[in-house]
Amino acid sequence: RMAAAPPSYCFVAFPPCSKDGLVVFGKNSARPRDEVQEVVYFAAAEHDPGSKVECTYIEIEQVPRTHAVVLSRPSWLWGAEMGANEHGVCVANEAVVTREPASESEALLGMDLVRLGLERGATAKEALDVIVALLEEHGQGGNYYEDGSSCHTFQSAFLIVDRNEAWILETSGKYWAAEKITEGVKCICNQLSLTTKIDAEHPELRDYVKSQGWWNGDSDFNFSEVFSLADGHLACCSGRESLEKQGGDVSAQAMIDVLRDKDSGVCVDSESFLTTASIVSVLPQDPSFPCIHYFTGTPDPSRSVFKPFIFVDDVKLVPKVQSPSFGNDDPAKKIPRFQEKPDRRHELYKAHEWARSLLENDQDKGQKLMRIMLELEKQGLEAMEDILSRTEILDPAEVVDLFYDCVDTELKFFK
């Protein structure tokens, strides 16, 4: 049983560490090696009073309006590992283990809460409020993996970011604490990181931990110390140093470089786990500029292309990074769940498998292909930098096909 939480990494950099008034967000999603992640867009929508929404395992009340979202998600579930909404809010989650065993009974997954926060929150703080209210009402629990043979359960931590601030939210069951960040570089990984600086918390948090005998009320309240397993606490973040070394110049490229780094452990490629998808978002603090979200949609960022997405009305959908849909026949939706594993690979994923075998079997051809891919990525990054340095307002027609075209071009190179 994979009891250890998958070692994903999330980062945020604020000025003065990041470039010219930009907030830069990034995450590597470490998941079981063979899991497919897709990139999906859902337009903003109005919902009838009393309507429900079916999350991965449970149905909950829908809200009158949901925001447009773009998500990178394991394709068997409803929620997301990471994503963004049309208001420039980004959320990523981390599976964490605390001294409280995570519930096996089906409730909301941490990944469902990522999507719910994005669909319902127009600022980072609103998304946080949505997540903790839903935790209180429905709880968290259920299998984190598409695995019929055993149930892998975790508690959740979240990095929630907008153009002005970020919140680190850490949870254990329905209890939680959060810290607000407005400057510098922050990293969260698959363990608790909040200590004594707590800016918001569950109203009964301290009474609860006292009643459990985990804190006596005399010493400073340190969330990680109170909730972590005795042996489990390491200094987490090897990636943070690399970002801090950038000396005020953290950009999309710098974040991508950190996410690609295998030596530091940020880019996971181990026996059990692989970085199955990555995201980098650039959120200009000046709201007249658009936020730009780069997705790989494929495993191993060191062999993937980060492709830009910008929210505009009628943005073109990209079926080539979407997994096939199995509707109600999906083994993830039938009880007992996960009795079989359908082939969830999308077109871009399949093309990448071919490219990976080329890299492994024909070094010269593989290296040449990688050079072409990185050149393609560089063109995309430069075009986006140009958009962020213009004085005139962006014409939506210019970027309505942006992500679609980037995926298409990438596929053409593989052919």
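Structure: above.
It should be emphasised that the depicted structure is a prediction, and the values quoted were computed from it without experimental measurement. (Residues numbered from 1 in each chain as written. Predicted model: local features only at pLDDT ≥ 70, side-chain atom pairs only at ≥ 80, totals over all residues. Heavy atoms only, no water.)

Draft legend 1. A look at the sheet that holds strand S8 (residues 69-74). Taken in spatial order, the eight strands line up as S3-S8-S9-S10-S11-S12-S13-S15 in an open sheet, and their pairing is antiparallel. The strands lining the two open edges of the sheet, one partner per strand, are strand S3 (37-42) and strand S15 (200-201). Relative to strand S13 (residues 175-181), strand S12 (residues 166-172) runs antiparallel, the two being bridged by seven bridges. When the sheet's bridge partners are listed, Leu169 is paired in S13 with Ala178. Packing of helix H1 (residues 110-120) onto the sheet brings it into contact with S3, S8, strand S9 (82-85), strand S10 (90-96) and strand S11 (155-161), and relative to S10 it is tilted by some 165°. Strand contacts of helix H2 (residues 124-138): S11, S12 and S13, with the helix running at about 10° to S12, the strand carrying the most contacts. (Pairing = 2+ DSSP bridges. Helix = DSSP H or I, 4+ residues; strand = E, 2+ residues; numbered from the N terminus. Contact = heavy atoms within 4.5 Å. Axes fitted to C-alpha atoms, helices over the stretch in contact; angles between N-to-C directions.)

Draft legend 2. Region of interest: the environment of Glu241. Following the sequence through the fold, Glu241 ends up in helix H5 (residues 238-245). Judged by relative accessible area, which is 40%, Glu241 ranks as partly exposed. Considering only alpha carbons, one finds Glu241 and Val266, 25 residues apart in sequence, at a separation of 12 Å. (Buried < 20%, exposed > 50% of the residue type's maximum accessible area, 1.4 Å probe, protein only.)

Draft legend 3. Molecular detail of the sheet that holds strand S1 (residues 9-13). Reading across from one edge, S14-S1-S2-S16-S17-S18 is the order of the six strands in this open sheet, with antiparallel pairing throughout. Looking at strand neighbours, the two that pair on one side only are strand S14 (185-188) and strand S18 (307-309), the edges of this open sheet. Neighbour to neighbour, the strand axes of the sheet diverge by 15° on average, direction disregarded. Here five bridges tie S1 to strand S2 (residues 22-32), and the two strands are oriented antiparallel to one another. If you follow Phe11 over to S2, its bridge partner there is Gly26.

Draft legend 4. Expanded view of helix H10 (residues 402-414). Here H10 spans 19 Å end to end across 13 residues, near enough to the 18 Å set by a 1.5 Å rise per residue. For H10, the set of buried residues is Leu402, Phe403, Tyr404, Cys406, Val407, Asp408, Glu410, Leu411 and Phe414. Of the surrounding secondary structure, the elements contacted by the buried residues of H10 are S3, strand S17 (292-295), S18, helix H7 (347-361), helix H8 (363-389) and helix H9 (396-399). (Expected span 1.5 Å × (residues − 1).)

Draft legend 5. Here's a closer look at the pairing of S8. With respect to burial, S8 is a largely interior element, six of its six residues being buried. Where burial is concerned, the two faces of S8 agree: the one with Val69, Leu71 and Arg73 and the one with Val70, Ser72 and Pro74 are both buried. Pairing analysis gives six bridges linking S3 to S8, with the strands arranged antiparallel. Directly across from Val39, in S8, lies its bridge partner Ser72.

Draft legend 6. Seen up close, helix H6 (residues 252-259). For H6, the buried fraction is high: six of the eight residues fall into the buried class. Within H6, the full set of buried residues consists of Ala252, Ala254, Met255, Ile256, Val258 and Leu259.

Draft legend 7. Fine view of the nonpolar core. One finds Phe11, Leu159, Val161, Phe223, Val280 and Tyr294 to be the most contacted residues of the largest nonpolar core, which totals 90 residues. Per-element tally for this core: the top contributor is H10, with seven residues. In terms of nonpolar packing, the next biggest core, distinct from the first, is built from 46 residues, Cys55, Ala95, Met111 and Ala127 among them. (Core = buried A, V, L, I, M, F, W, Y, C linked by side-chain atoms within 4.5 Å.)

Draft legend 8. Quick peek at the state of the cysteines. A full pass over the atoms with the stated rule returns zero disulfides. Looking at Cys291, it has no disulfide partner, and the nearest cysteine sulfur is the one in Cys90, 6.8 Å off. (Disulfide = S-S within 2.5 Å.)

Draft legend 9. Inspection of the environment of Val400 at higher detail. Considering the arrangement of structural elements, one finds Val400 in the loop between H9 and H10. Taking the C-alpha atoms as reference, Val400 lies 7.8 Å from Ile310; in sequence the two are 90 residues apart. Look past the residues within four positions of Val400 in its chain and what remains in contact with it is Val312, Asp313, Asp314, Val315 and Lys316.

Draft legend 10. Focus on the packing of aromatic side chains. The tally for this structure, following the rule as stated, stands at 15 aromatic pairs. Pairing Tyr9 with Phe11 gives two aromatic rings, centres 6.4 Å apart and planes at 10°, and the pair type is stacked. You can call Phe11 buried: its relative accessible area is 0%. Each ring, one from Phe309 and one from Phe403, has its centre 6.2 Å from the other, and the planes form 75°; the classification is edge-to-face. On the criterion of sequence distance, the pair formed by Phe309 in strand S18 and Phe403 in helix H10 is long-range, its members being 94 residues apart. A relative accessible area of 6% means that Phe403 is categorised as buried. (Phe/Tyr/Trp six-rings, centres within 6.5 Å; stacked < 30°, edge-to-face > 60°.)

Draft legend 11. Structural detail: the pattern of salt bridges. Inspection of the entire model under this criterion finds 31 salt bridges. For Asp269, the salt bridge identified is with Arg33, shortest N-O distance 2.8 Å. One end of the pair, Asp269, is in the loop between H6 and strand S16 (273-284); the other, Arg33, is in the loop between S2 and S3, and 236 residues separate them in sequence. The class for Asp269 is partly exposed, based on a relative accessible area of 39%. According to the relative accessible area criterion, Arg33 is partly exposed, its value standing at 31%. Note that Lys262 is salt-bridged to Asp269, the shortest N-O span being 3.0 Å. Counted as one network, the salt bridges with shared partners bring together Arg33, Lys262, Asp269, Asp300, Arg303 and Glu360. (Salt bridge = Lys/Arg side-chain N within 4 Å of Asp/Glu carboxyl O.)

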